[in-house]
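Structure assessment
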Amino acid sequence: MHRVTLIPGDGIGPEVTRAARSVVTATGANVSWELAEAGMYAAKTQGEPLPQSVIDTIRRNKIALKGPMQTPGGDSHPIRIGDRTYPAVTIALRNELGLFAAVRPIKNYPGVTSRYQHVDFIIFRENSEDLYIGVERMVDVNTAEAIKRITRIATERVSRFAFEYLRKLGRKRLTIVHKANVLKLTDGLFLKVAREVGHDYPDIDVDERIIDALCMEFVMKPETYDSVLLPNLYGDIVSDIGAGLVGGLGVAPGANIGANCAMFEAVHGSAPDIAGKDLANPMAMILSSLMMLRYIGETHAADRIDRALGEVLEEKKHVTRDLGGSAGTQEMADAVISKLQM
């Protein structure tokens, strides 16, 4: 039995996590749940947005499914864990748990409106360094600067993770993304190390793109890509571009994976304006739970969800308003469950 830490989150988070949980349970997968609260709700009820107990339960269970959440007070109230500070709960979790690789599958689903067809690639984003280490300073009152840090150890770690992930899926091509033509030391090191790791995987073709050229090609011919590997900042930006190619953040699942823990989450926001109104699209959360099932070896359950969700989307009878229907959050999840039982 796989015990999963379930973090409902804020806004629409409890609704979409409830929907995803019901779908996972309906498959009969060997999963049990441990509830943990973080975000705005935890701040109100426990006095802090990220209690240490949440980190402890994820470390103990090694797997988490997380809904979208808000950080109380925004940037003016950073999250404090010991002597460390973070701007948001999700960033704190990634760093405290050592979740060094962000994985974002980008795929067309039937019935989901998109400008493109036949898109099916994976984004691998290094999660721990680059400009996101948050080391900034004011040189004077009119000048600010930030440190961009790229290390061999972090680049090798995420590169090897990406190649192993692709090998398990039977995929055959990885594109390394960089700006080494300008950032010769930092992005130059990222490109050099990723190439070196690629030599250990002769069954996977490796090519490279400068980040601006990649963005242009994503807009022109995204169906030609199989997978991409990027440093943190570029990966953050390109992940949202990728979601836009196939229908938006509402259909985009995500995972943050480390050596000992993994956290799966929908990448959209908490949408407090529609919270509690049974309007939220649960698709991204269901797909994130599908990724979680594959990660823990419940492949058959994951494949069944993928098929059932695809049928519901294609029929368009029981989908939420943003997908062209009139169903509520749980009604859409129940439609997926009905397909599972056929």
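As a starting point, this report considers the structure included with it. This structure is a prediction, so every number in the text was calculated from the model and none was measured. Every residue gets a number counted from 1 within its own chain, in the order that chain's sequence is written. In keeping with the model being predicted, local features are shown solely for residues with a pLDDT of at least 70 and side-chain atom pairs are shown and tallied solely at 80 or more, while totals for entire chains, interfaces and linings include all residues. Side-chain numbers here rest on the full set of heavy atoms in the structure, without hydrogens or water.

1. Topic: the side chain of Glu-298
Starting at the N terminus, helices and strands are each numbered in turn, a helix being any DSSP run of H or I of at least four residues and a strand any DSSP run of E of at least two. With respect to the helices and strands, Glu-298 occurs in the loop between α9 (283-295) and α10 (299-315). Relative accessibility thresholds used throughout: buried, under 20% of the residue-type maximum; exposed, over 50%; partly exposed, between the two (1.4 Å probe, protein chains only). The charged-residue count follows a simple rule in which Lys and Arg add positive charge and Asp and Glu add negative charge, with His and chain termini not counted at all. Only one rule defines a salt bridge in this text: a Lys or Arg side-chain nitrogen within 4 Å of an Asp or Glu carboxyl oxygen. Although Glu-298 lies buried, it forms no salt bridge, and the closest oppositely charged side chain, Arg-304, sits 8.3 Å away as judged by the N-O distance.

2. Notes on the sheet that holds strand β3 (residues 63-66)
If DSSP finds at least two bridges between two strands, the strands pair. Pairing is mixed in the open sheet, where 10 strands are placed in the order β2-β1-β3-β14-β13-β6-β7-β12-β10-β11. At either margin of the open sheet sits one strand with a lone partner, and together these are β2 (31-35) and β11 (205-210). Strand-to-strand twist across the sheet, computed as the mean angle between neighbouring axes with direction ignored, equals 25 degrees. The sheet contact formed by strand β10 (residues 173-178) and β11 spans six bridges and is parallel. For helices, the axis comes from a line fit to the C-alpha atoms of the stretch in contact; other axes are also lines fit to C-alpha atoms, and the angle between any two N-to-C directions lies between 0 and 180 degrees.

3. Quick look at α10
Given a rise of 1.5 Å per residue, 17 residues ought to cover 24 Å, and the 25 Å separating the end C-alpha atoms of α10 matches this to within 8%. Note on definitions: a residue-residue contact is assigned when non-hydrogen atoms from the two residues lie within 4.5 Å. Contacts made by the buried residues of α10 are with α1 (13-26), β6 (101-107), α9 and α11 (329-340). Positive backbone phi, at 60 degrees, marks Lys-316, one or two positions downstream of α10. To estimate how far a helix should reach, multiply one less than its number of residues by 1.5 Å.

4. Concerning the packing of aromatic side chains
In this scheme Phe, Tyr and Trp rings, the latter by its six-membered ring, pair at centre separations within 6.5 Å, and the angle between planes marks the pair as stacked below 30 degrees, edge-to-face above 60, and tilted otherwise. Scanning the model with the defined rule gives eight aromatic pairs in all. Between Phe-218 and Tyr-225, the ring centres sit 5.2 Å apart and the planes meet at 85 degrees, which makes this aromatic pair edge-to-face. Like Tyr-225, Phe-218 is buried. Grouping aromatic residues by their ring pairs yields a cluster made of Phe-100, Phe-124, Phe-161 and Tyr-165.

5. Some points on the environment of Thr-299
Here Thr-299 shows up in helix α10. Relative accessible area serves as the criterion here: at 37%, Thr-299 is assigned to the partly exposed category. Sequence spacing of Thr-299 and His-118 is 181 residues, and the spatial spacing of their C-alpha atoms is 23 Å.

6. Brief notes about the pattern of salt bridges
For the structure on display, the rule yields 27 salt bridges. A salt bridge links Arg-171 to Asp-120; its shortest N-O distance comes to 2.8 Å. One end of the pair, Arg-171, is in the loop between α5 (152-169) and β10; the other, Asp-120, is in strand β7 (residues 120-126), and 51 residues separate them in sequence. The exposure class of Arg-171 is buried, given its relative accessible area of 17%. The exposure class of Asp-120 is partly exposed, given its relative accessible area of 36%. A salt bridge links Lys-148 to Asp-187; the nearest nitrogen and oxygen atoms lie 3.1 Å apart. Taken together, the positions of Lys-148 in the loop between β9 (143-146) and α5 and Asp-187 in helix α6 (residues 186-198) put the pair 39 residues apart, joining distant regions of the chain. Accessibility assignment for this pair places Lys-148 and Asp-187 in one class, buried. Residues joined by salt bridges that share partners form a network here, namely Arg-173, Asp-207, Arg-209 and Glu-217.

7. Some remarks on the side chain of Ser-289
On the secondary structure map, Ser-289 appears in helix α9. The buried category is assigned to Ser-289, whose relative accessible area is 0%. Ignoring sequence-local partners within four residues, the contact set of Ser-289 consists of Ala-20, Val-24 and Leu-65.

8. Some remarks on the environment of Leu-279
Along the chain, Leu-279 falls in the loop between β14 (262-266) and α9. Note: C-alpha distance between Leu-279 and Arg-157 (122 residues apart in sequence) is 40 Å. With near-sequence residues (within four places) excluded, Leu-279 lies in contact with Glu-15, Ile-274, Thr-320, Arg-321 and Thr-329.

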